[in-house]
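Close look at the chain arrangement
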Amino acid sequence: MATSVRRTTLTLPTAPLGPGNPLPALRPRAEVHRVDEATRATLPAGMARQMAYEPLRSVLPVRLRDGYGRDRAPAALDAIVVENDRLRATVLPGLGGRVHSLHHKPTGRELLYRNPVLQPADFALNGAWFSGGIEWNIGATGHTTLSCAPVHAARVPAPDEADGGAMVRLWEWERLRDLPFQVDLWLPADSAFLYVGVRIRNPHHHPAPVYWWSNIAVPEDERTRVLAPADEAWHFGYTRTLRRVPVPEWDGADRTYPLRGAHPADYFYELPDGARRWIASLDAEGSGLVQTSTDLLRGRKLFLWGAGPGGRRWQQWLTEPGTGGYAEIQAGLARTQLEHLPLEAGEEFAWLEAYGPLSADPAAVHGADWAAARHEAESRLEAALPRAAVDAAYAAWRPCADAEPGESLATGSGWGALEMERGGYELPGTPFDPATLGEEQEPWRRLLRTGALPGWEPGRSPADPGASLVAPVWRDLLEAAPSTAAAEYHLGVAQWHAGDRAQAERSWERSLRCAETPWALRCLAVADTASGHPARAAERLLRAVRLILAMGSEPDPAPVLEAAGAAGAAGAAGAAGAPGAPVAVSLAAPPVAVDPCAMEAAEAALGREAIVTLLAADRADDARTVLDALRPGIHERGRFRLLRAQVLLAQGDALAARAVFDDGFEVCDLREGDEALSDTWYAIAERLAAGPGEPVTAEARARARAEHPLPERYEFRMRPA
């Protein structure tokens, strides 16, 4: 049959993404995939150089997505199906273009790990991510900020158009590096392999750092083996060490079987120069999925969760009970995911990938002779899809990469259209239609056209200051714009991102002089923390919380939040009244209509930062006051239950803190690698073991671990305990 492309819907139990976080991500997020200078000095020069090249300072201008929960209900998701008589690929354009399913029709086999639910978790660079399928990771080390964002999609003529071929193009503007990219998917007639053409372009007049890893989730059991053409790999564990290890045997186990590792780990395979680029995951019968590509996509990787309690708990967390486990096989532009590559001005990276079924002799695949196992898999791949055929498919696709899209299948963001209007770029094949410009882009479009950024006007919900842009060209426009509370606020965000912290603080102070808002106060609090002034940061955040609580109040609000400490009512750097004086709430613009979801997101975000900052400043009573002032829907969340336990412990009530854990809670936005649950549990246990007011000795710590083992529901540690 000729290839068909159609739109449909896919119904999955889904936890809604919820509102985004309105606070700009001024701080770098906790990122586990980093190594220190001492480790970098031991690495090959080229690898070390690429690790040091343009690491991500923050996820700005992208906003954090942390408003999701864990209550799932059936939801219809937009999907695109690409199908021939041998394969059926299902793509989710509203979720980063994820390939949710790759179904082999002759055998009825699903080649990917297909998650039966859509459960966001905090794994993406900006938060929300979900497991399963094939994802396209671009931007910087980690899961892309587009993991749960829409991308553009359209039908495009395929290389075999004369035979009825059709292709699906996905494209977007990647905002961390300001680079447009496209992913073209097609199934030639009678082909058992899905072809994927990828192109990243740099339309600017300066080099840009590039990161790309195609991430493929595959089913996993005790007999799953991952094969790649390598005798060595770079092992990265969550102790942040990178070392060269032999393949397959290392440290007493065959690490090509994912469940033979105890803890989560990455293995970046060292493929010899000239070797064919491929990786496969095969089951006990020698069957499974293989991925191969043209040579530009040089890296191959295995990620495993391991058989230990932390990895198993994370696997359960990401899906529903009774679902089998998964591992990830990946393919990238560099040898490891800790590296970024320079893309010169006006240039592009382009390559072709192929995904399909592979069947090999199980005795050879699972034999003790690693060279024979690799040879068996590679020879079967060569028979099914010769290396020359992949190169030929790439050559056939290249002229099609510039083809203008036809029927629209999905719509992405308006950020690409804004950049096209500003830069006037020529990007054949990936149009960014001005019709996609929306409310988020409108203030910036007006800045571009008039030289002035619209102010925060009456009638606008006060719960969101709007998205910031931080690229140098936008910073220049903001510096020339008339001074308003909004313009100075956004200018400060851009200056902070550029590393000009002194100017950023001055801009935020000017914003406060124009109008007192929680947004500028919070930014200054971040600056205070970074410069070693925790007390001043705490005061600013207390003031910001008072403002946001007043914004969400009825016309005759209850008394505003009063701090417990004597200094609690004091102003911060001119933003509040004299010490001990009542605090008058000043609003930039009295709200006419308040978006309740946005207001709750703002209250949660500011409340969380205020509590953490107050605890760091040894002001547990004030932290408790803030926590109690938040609306019930917030302080009943798992994140705030954890904060309550930490506050109670800081107040000296370890028994009450332990009771919070005993009652049970789930931190929906627990970050990959975050050990806050286990750290807090053992801090409570140590205090209980030591006794009130007594020092926590080594003996008390040992007794705490013996008498208070961490419950399984809180075990998320990804490294040896």
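Refer to the structure presented above.
Sequence order sets the numbering: in each chain, residues are counted from 1 along the sequence as written. In view of the model being predicted, local features appear only for residues whose pLDDT reaches at least 70, and side-chain atom pairs are presented and counted only at 80 or more, with totals across whole chains, interfaces and linings using the full set of residues. The side-chain numbers reported here are obtained from all heavy atoms of the structure, hydrogens and water having been left aside.

1. What to know about the overall build of the protein
Working definition: helices are DSSP H or I runs of at least four residues, strands are E runs of at least two. Numbering for both runs from the N terminus. Scanning the protein from terminus to terminus reveals 20 helices and 27 strands. Two things to know: the radius of gyration comes from C-alpha atoms, and the globule rule equals 2.2 Å times the number of residues to the power 0.38. At 27 Å, the protein has a C-alpha radius of gyration in line with the 27 Å of a compact globule built from 721 residues. Summarising its shape, the C-alpha atoms of the protein cover approximately 80 × 70 × 50 Å along the three principal directions. By the burial criterion, 59% of the 721 residues in the protein qualify as buried. The contacts of the protein with a sequence gap of at least 6 include a subset with a gap of at least 24, amounting to 72%. Of the roughly 26,800 Å² of accessible surface on the protein, a fraction of 52% belongs to carbon and sulfur atoms. Counted as positive: Lys and Arg. Counted as negative: Asp and Glu, with His and the chain ends omitted from the count. Each charge is placed at NZ for Lys, CZ for Arg, CG for Asp and CD for Glu. Charge-centre separation for the protein: the mean point of 75 positive side chains lies 2 Å from the mean point of 95 negative side chains. Buried means the residue's accessible area, taken with a 1.4 Å probe over protein chains only, is under 20% of the maximum for its type, while exposed means over 50%, and partly exposed covers the values in between. The contact rule is simple, with two residues in contact once any of their heavy atoms fall within 4.5 Å. In these tables, accessible area is a Shrake-Rupley quantity obtained with a 1.4 Å probe, and a residue counts as shielded only by the protein chains included in the view.

2. Quick word on the state of the cysteines
A pair of cysteine sulfur atoms is labelled a disulfide when the two atoms are within 2.5 Å. Under the definition given, this model contains 0 disulfides. Free of any disulfide, cysteine 523 has its nearest cysteine sulfur in cysteine 514, 15 Å distant. Here cysteine 668 stays unpaired: no disulfide links it, and the sulfur of cysteine 148, its closest cysteine neighbor, is 14 Å away. With relative accessibility at 19%, the residue cysteine 668 sits in the buried group.

3. Description of the sheet that holds strand E27 (residues 408-410)
Criterion used throughout: strands pair if DSSP finds at least two bridges between them. The 9 strands lie next to each other as E15-E21-E22-E26-E12-E11-E10-E9-E27, forming an open sheet whose pairing is antiparallel. The two strands at the open ends of the sheet, each matched to only one other strand, are strand E15 (225-227) and E27. Between one strand axis and the next, the sheet turns through 20° on average, direction left out of account. Fitted lines through C-alpha atoms give the axes, limited to the stretch in contact for helices. The angle between two N-to-C directions lies from 0 to 180 degrees. Here helix H6 (residues 387-397) sits on the sheet in contact with strand E10 (166-174), strand E11 (179-186), strand E12 (194-201), strand E22 (287-293) and strand E26 (348-359), set at roughly 135° to E26.

4. What to know about the pairing of strand E17 (residues 241-246)
Where strand E16 (residues 232-237) meets E17, 6 bridges bridge the pair, whose relative direction is antiparallel. Paired with glycine 237 across the bridge in E17 is threonine 241. Taking the residues that link successive antiparallel strands as the turn, the E16-E17 hairpin has 3 residues, and the phi of arginine 240 there is positive, at about 65°.

5. Here's the deal with the pairing of E11
E11 sits mainly inside the fold: 8 of its 8 residues count as buried. Judged from the 6 bridges that link them, E11 and E12 form a sheet pairing that is antiparallel. Each residue of the ladder has a partner; that of tryptophan 186, found in E12, is tyrosine 195.

6. Re the nonpolar core
Residue types Ala, Val, Leu, Ile, Met, Phe, Trp, Tyr and Cys, when buried and joined through side-chain atoms within 4.5 Å, form a set referred to as a nonpolar core. By size, the foremost hydrophobic cluster in this structure holds 90 residues, and its most contacted members are Trp136, Trp212 and Tyr269. Top contributing element to this core by residue count: E26, with 7 residues. The next biggest cluster of nonpolar side chains, apart from the first, holds 73 residues, and it includes Leu427, Leu547, Ala605 and Val647.

7. Considerations on the packing of aromatic side chains
Stacked, tilted and edge-to-face are the three classes applied to pairs of Phe, Tyr and Trp rings, where Trp contributes its six-membered ring and a pair requires centres within 6.5 Å; stacked means planes under 30 degrees apart, edge-to-face means over 60, and tilted covers the rest. Across all of its chains, the model carries 26 aromatic pairs by this definition. Ring centres 5.2 Å apart and planes at 80° place the aromatic pair tryptophan 317 and phenylalanine 716 in the edge-to-face group. One end of the pair, tryptophan 317, is in helix H3 (residues 309-317); the other, phenylalanine 716, is in the segment after helix H20 (698-707), with 399 residues separating them in the sequence. Its relative accessible area of 4% is what places phenylalanine 716 among the buried residues. Through a chain of ring-to-ring contacts, the aromatic side chains of Tyr113, Phe123, Trp129, Phe303, Trp305, Trp314, Trp317, Tyr326 and Phe716 assemble into a single cluster.

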